Amino acid sequence: MRKTRALLLAVTGFLIALTTAVAAQSDYPSRPIRLIIPFPAGGSNDIVGRAIATQMGERLGKQVIVDNRTGAGGVIGTELASKSPPDGYTILVISIAHSVNPWLYKLPYDPIKAFSPIGIMGTGTNVLTVHPSLPVNSLKEFLALAREKPGELSYASAGIGTFQHLGAELFRLEAKVNLLHVPFRGGGPALIDVLGGHNKIMFSSLVQAVPHIKTGRLRALGTGGKERVPALAEVPTISEAGVP
């Protein structure tokens, strides 16, 4: 029997893993399926993963139980999935961190051979957001403030090696500014910290940030990617605003 662990990939890299041998099981699924999300509640992986779990449960006729297992940039939850029986009843949601972690950690699993990818859940860009208390209204003003106060402005991320961290570091290098990185155990806790005004900056995912931008709890200065995002059509891309 071929390996039957699966993973769902998406944007920034959500990945779901399900098993390849499952198709041969005519009665599949005969019991609930566990969907492991290796990040805390409230982050982009969690938001998208829960939406997918609901839809999968309705279509399969069996409950898809979300299991948040956090820590080490997704390694803890991913290891748990890798050690689960390869019977098609454990699915893993992963992010771009799955590709980065082999360079950051000594992994207790093979990130390629231990899983069978089954599909991309979604793709999207990030958005540079700031707490309204930060006295900037544009990327130009933000860069001026960052250069005036090198190393004093801090940004929150979902953790080392996540797309929020890597996107911010790429921005920092291209813009030639010194920002302080404050990693959290996931995008949800990082966002809560920024909404509370403790760290003022976050390179957030759209699915996380847009509702708070619309209500004024966050201010959007620029989006990633080559084109503007329809949900934030009035917000220029970071490239438009002057950072390649």
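The structure this text deals with has already been given above.
Trainee: Explain helix α2 (residues 75–82) residue by residue, including any values.
Mentor: For α2, the full list of buried residues reads Val-75, Gly-77, Thr-78, Ala-81 and Ser-82. The arc that holds every buried residue of α2, seen down its axis, measures 165 degrees, which confines them to one face.

Trainee: Summarise the sheet that holds strand β5 (residues 90–94); cite the residues concerned and give the values.
Mentor: Reading across the sheet, the three strands line up as β4-β3-β5 and stay open at both edges, with parallel pairing between neighbours. Where the open sheet ends on each side, the last strands, each with one partner, are β4 (64–68) and β5. Averaged over neighbouring strand pairs, the angle between their axes works out to 25 degrees when direction is ignored.

Trainee: Provide a residue-level description of a nonpolar patch on the surface, including the pertinent values.
Mentor: Among the surface-exposed residues, Trp-103, Leu-104, Tyr-105 and Ile-160 lie close enough to one another that they form a single nonpolar patch of about 460 Å² accessible area. Looking at where Tyr-105 falls in the secondary structure, it is placed in the loop between α3 (97–100) and β6 (116–120). Given the relative accessible area of 31%, Tyr-105 is considered partly exposed.

Trainee: Describe the packing of aromatic side chains, and please don't skip the residues or the numbers.
Mentor: This structure, assessed with the given rule, holds five aromatic pairs. Between Phe-142 and Phe-171, the aromatic rings sit 6.2 Å apart at their centres with planes inclined by 50 degrees, giving tilted as the arrangement. In this pair, Phe-142 sits in helix α4 (residues 139–148) while Phe-171 sits in helix α5 (residues 163–175), placing the two residues 29 residues apart along the sequence. Accessibility expressed as a relative area gives 0% for Phe-142, which makes it buried. Counting every residue linked through ring pairs, the aromatic cluster contains Phe-142, Tyr-155, Phe-171 and Phe-203. Lying across the ring of Tyr-89, Arg-31 places its NZ or CZ 3.7 Å from the centre.

Trainee: Can you break down the side chain of Ser-84 residue by residue, with the values?
Mentor: Assignment of secondary structure puts Ser-84 in the loop between α2 and β5. From its side chain, Ser-84 meets the backbone oxygen of Leu-80 in a polar contact 2.9 Å long.

Trainee: Lay out the sheet that holds strand β7 (residues 126–130) in plain terms, naming residues and giving numbers.
Mentor: Read from one edge of the open sheet, five strands run β9-β8-β10-β7-β11, paired in mixed fashion. The open sheet has two edge strands with one neighbour each: β9 (180–183) and β11 (219–223). Each strand of the sheet is rotated relative to its neighbour by a mean of 30 degrees, with strand direction disregarded. Lying over the sheet, α5 contacts β7, β8 (154–157), β9 and β10 (201–205), oriented at roughly 125 degrees with respect to β10. Docked against the sheet, helix α7 (residues 206–214) engages β7, β10 and β11, running at close to 115 degrees with respect to β10.

Trainee: Explain the pattern of salt bridges to me, and be specific about the residues and the numbers.
Mentor: All told, the structure shown has seven salt bridges when counted by the stated rule. Across the pair Arg-34 and Asp-67 runs a salt bridge whose closest N-O atoms are separated by 3.3 Å. Remark: Asp-67 occurs in strand β4 and Arg-34 occurs in strand β3 (residues 33–37); sequence separation between them is 33 residues. Here Asp-46 and Arg-50 are joined by a salt bridge, their closest N and O atoms 2.8 Å apart. Here the residue Asp-46 and the residue Arg-50 both occupy positions in helix α1 (residues 44–60), the gap between them amounting to four residues, near one helical turn. Owing to a relative accessible area of 5%, Asp-46 belongs among the buried residues under this scheme. Each of Arg-34, Asp-67 and Arg-69 takes part in one network of salt bridges that share partners.

Rules used throughout
Residues numbered from 1 in each chain as written. Predicted model: local features only at pLDDT ≥ 70, side-chain atom pairs only at ≥ 80, totals over all residues. Heavy atoms only, no water. Buried < 20%, exposed > 50% of the residue type's maximum accessible area, 1.4 Å probe, protein only. Helix = DSSP H or I, 4+ residues; strand = E, 2+ residues; numbered from the N terminus. Arc of directions from axis to C-beta. Pairing = 2+ DSSP bridges. Axes fitted to C-alpha atoms, helices over the stretch in contact; angles between N-to-C directions. Patch = residues over 30% accessible without salt bridge, like charges linked within 9 Å, V, L, I, M, F, W, Y side chains within 5 Å. Areas by Shrake-Rupley, 256 points an atom, 1.4 Å probe, with all protein chains shown as cover. Salt bridge = Lys/Arg side-chain N within 4 Å of Asp/Glu carboxyl O. Phe/Tyr/Trp six-rings, centres within 6.5 Å; stacked < 30°, edge-to-face > 60°. Lys NZ or Arg CZ within 6 Å of the ring centre and 35° of its normal. Polar contact = N/O pair within 3.5 Å; in protein donor to acceptor, adjacent residues only side chain to side chain. Contact = heavy atoms within 4.5 Å.

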